[in-house]
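# Observations on the three-dimensional arrangement
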Number of protein chains: 2
Amino acid sequence: MSGILYGLGVGPGDPELITLKAHRLLGECNVVAYPAPDDGQSFARAIVAQYLKPGQLEIPIIIPMRRERFPAQSVYDSAAKDIAAQLDAGHDVAVLCEGDPFFYGSFMYLFERLSAEYSTQIVPGVSSLMASAAALGRPIAARNDVLNVIPAPLDDDAIRQRLAQGEAIAFIKVGRHFARICRLIDEAGLTGSAGYLERVSLDNEKIMALEDVSANEVPYFSMILIYKGAEDWIEKLPLSGTAKSVDAGLTA
Amino acid sequence: MSGILYGLGVGPGDPELITLKAHRLLGECNVVAYPAPDDGQSFARAIVAQYLKPGQLEIPIIIPMRRERFPAQSVYDSAAKDIAAQLDAGHDVAVLCEGDPFFYGSFMYLFERLSAEYSTQIVPGVSSLMASAAALGRPIAARNDVLNVIPAPLDDDAIRQRLAQGEAIAFIKVGRHFARICRLIDEAGLTGSAGYLERVSLDNEKIMALEDVSANEVPYFSMILIYKGAEDWIEKLPLSGTAKSVDAGLTA
């Protein structure tokens, strides 16, 4: 009998923000696979490192890190083959996914290749979108607000159009598009209602009003959250200033 | 010294989908508050009932259930006062929030009233948006897709405009707007790419292609997920039909 393939959301970075279910499955699966860069540590693995067991087989999926380009499909062909071999041998395989597996996650490439043939279960995780709002101390959206999630690599016109609509906006994959996105947000008169977040829930996280960011380039995994709906959060929950009573939710 | 106020995301319904952090804090807080209808059980409390301890003080926040209207602010004035009294007495208070506290959650009403005066920490949770995609067996969005989250109570024109844009769409708060939303989705030619979800991650969950739903009215906490981006998920990951190998992620 074949093993089960798990797409395991491991949350935004704080090891305490994984679910009880992901925690249990990490202890039960014989095989653990995860994306890893060709020049460093796997972030997904680092999040759960303390929960892994000595006897587990690990399958790193080496992703060549050409900044912000989508990796060659051959990487996933090969990883799917390795994982299928383990499933065929009757081993359950947990694929570690940063944040949530199905929210802009690369797990989809394995899912497409394997879910028709193998019993597959997705374990949803805490997304960096929700973790960012928690860290910023301002809700994402409320009541009948429309939320737009916008990948920053989109072109200026597409972004201008999106910025004009909706009550809540989340820019993801900001990275090297940072200066351009800031300019477009400023054009739309929304800088004062924008928060900037980087490496949320980790020890080296950065959380601040967008207008307080001095860098021109920022990490790929950074986010900008904008609110322009009817709630009076901009006055009530100011992003700038000192004495912010909301902390980042870090594990002590 | 005042206690700490926690906004605790308890996830979409499966008790195993809460985070390790929420689980720990549930055991540590002297006081637990949660929204409850005036005619039945609190859903948020039910999710974590097995983790509560006998000695904890419980503060139900009774919300009169006038369908899909936002409750009177006096309910939150009064709840904030009760919670403040506990914080003043030095007790930590965990407010239980279905899904994630800051993703269209009613916790914002307490947060607005209390976060300036009391040390407050938000613990993000697994949102029903992510849990729904997991249960449906189809990613929400990928690469440079734009995601629109649309509350179903919006009027026809606003919804028509939204349906024409973006690559991924999530309708929330569908409830009694179901028939109207279905008509608008059909008008836009998107019925074939829509999935319907109800009470995701619970024993009585329903997950199906939108075109297979026969009801005219559905529960308030139901969702419709549409994908119309560049990924070929509509062919590769059909929502209709038998032999769906992806199960709902239910705890055994």
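The notes below deal with the structure included here. (Residues numbered from 1 in each chain as written. Chains lettered and ligands numbered in written order. Predicted model: local features only at pLDDT ≥ 70, side-chain atom pairs only at ≥ 80, totals over all residues. Heavy atoms only, no water.)

### Let's talk about the sheet that holds strand β7 (residues 168-172) of chain A
Read across the sheet, 10 strands follow the order β9(A)-β8(A)-β10(A)-β7(A)-β6(A)-β6(B)-β7(B)-β10(B)-β8(B)-β9(B) without closing on themselves; strand pairing throughout is mixed. Both edges of this open sheet fall to β9 (206-209) of chain A together with β9 (206-209) of chain B, since each of them pairs with a single strand only. Shown here is a sheet whose adjacent strand axes are inclined to one another by a mean of 15°, direction ignored. With four bridges connecting them, strand β8 (residues 194-198) of chain A and β9(A) associate as antiparallel partners. Paired with A:Leu197 across the bridge in β9(A) is A:Ile207. (Pairing = 2+ DSSP bridges. Helix = DSSP H or I, 4+ residues; strand = E, 2+ residues; numbered from the N terminus. Axes fitted to C-alpha atoms, helices over the stretch in contact; angles between N-to-C directions.)

### Some words on the interface of chain A and chain B
Taken together, the 69 residues of chain A in the interface contact 69 residues of chain B. Roughly 5,800 Å² of surface becomes buried between chain A and chain B when both sides are summed, with 60% attributable to carbon and sulfur atoms. The interface formed by chain A and chain B contains two salt bridges. B:Glu16 is paired through a salt bridge with A:Arg24; the nearest N and O atoms lie 2.5 Å apart. Joining chain A to chain B, the criterion identifies 23 residue pairs in polar contact (both at pLDDT 80 or more). Contributing elements (two or more residues each) for the side of chain A that touches chain B: α1 (20-28), α4 (107-114), β5 (120-123), α5 (128-136), β6 (147-151), α6 (156-163) and α8 (233-236) of chain A. If you tally residues by element for the side of chain A that touches chain B, the top one is β6(A), at five residues. Broken down by class, the residue content of the side of chain A that touches chain B amounts to 37 nonpolar, 18 polar and 14 charged. Alignment of β6(A) against strand β6 (residues 147-151) of chain B, held across three bridges, turns out to be antiparallel. Across the sheet, the residue bridging to A:Val149 is B:Leu147, located in β6(B). (Contact = heavy atoms within 4.5 Å. Buried area = accessible area lost by both parts, 1.4 Å probe. Salt bridge = Lys/Arg side-chain N within 4 Å of Asp/Glu carboxyl O. Polar contact = N/O pair within 3.5 Å; in protein donor to acceptor, adjacent residues only side chain to side chain. Nonpolar A, V, L, I, M, F, W, Y, C, P; charged D, E, K, R; others polar.)

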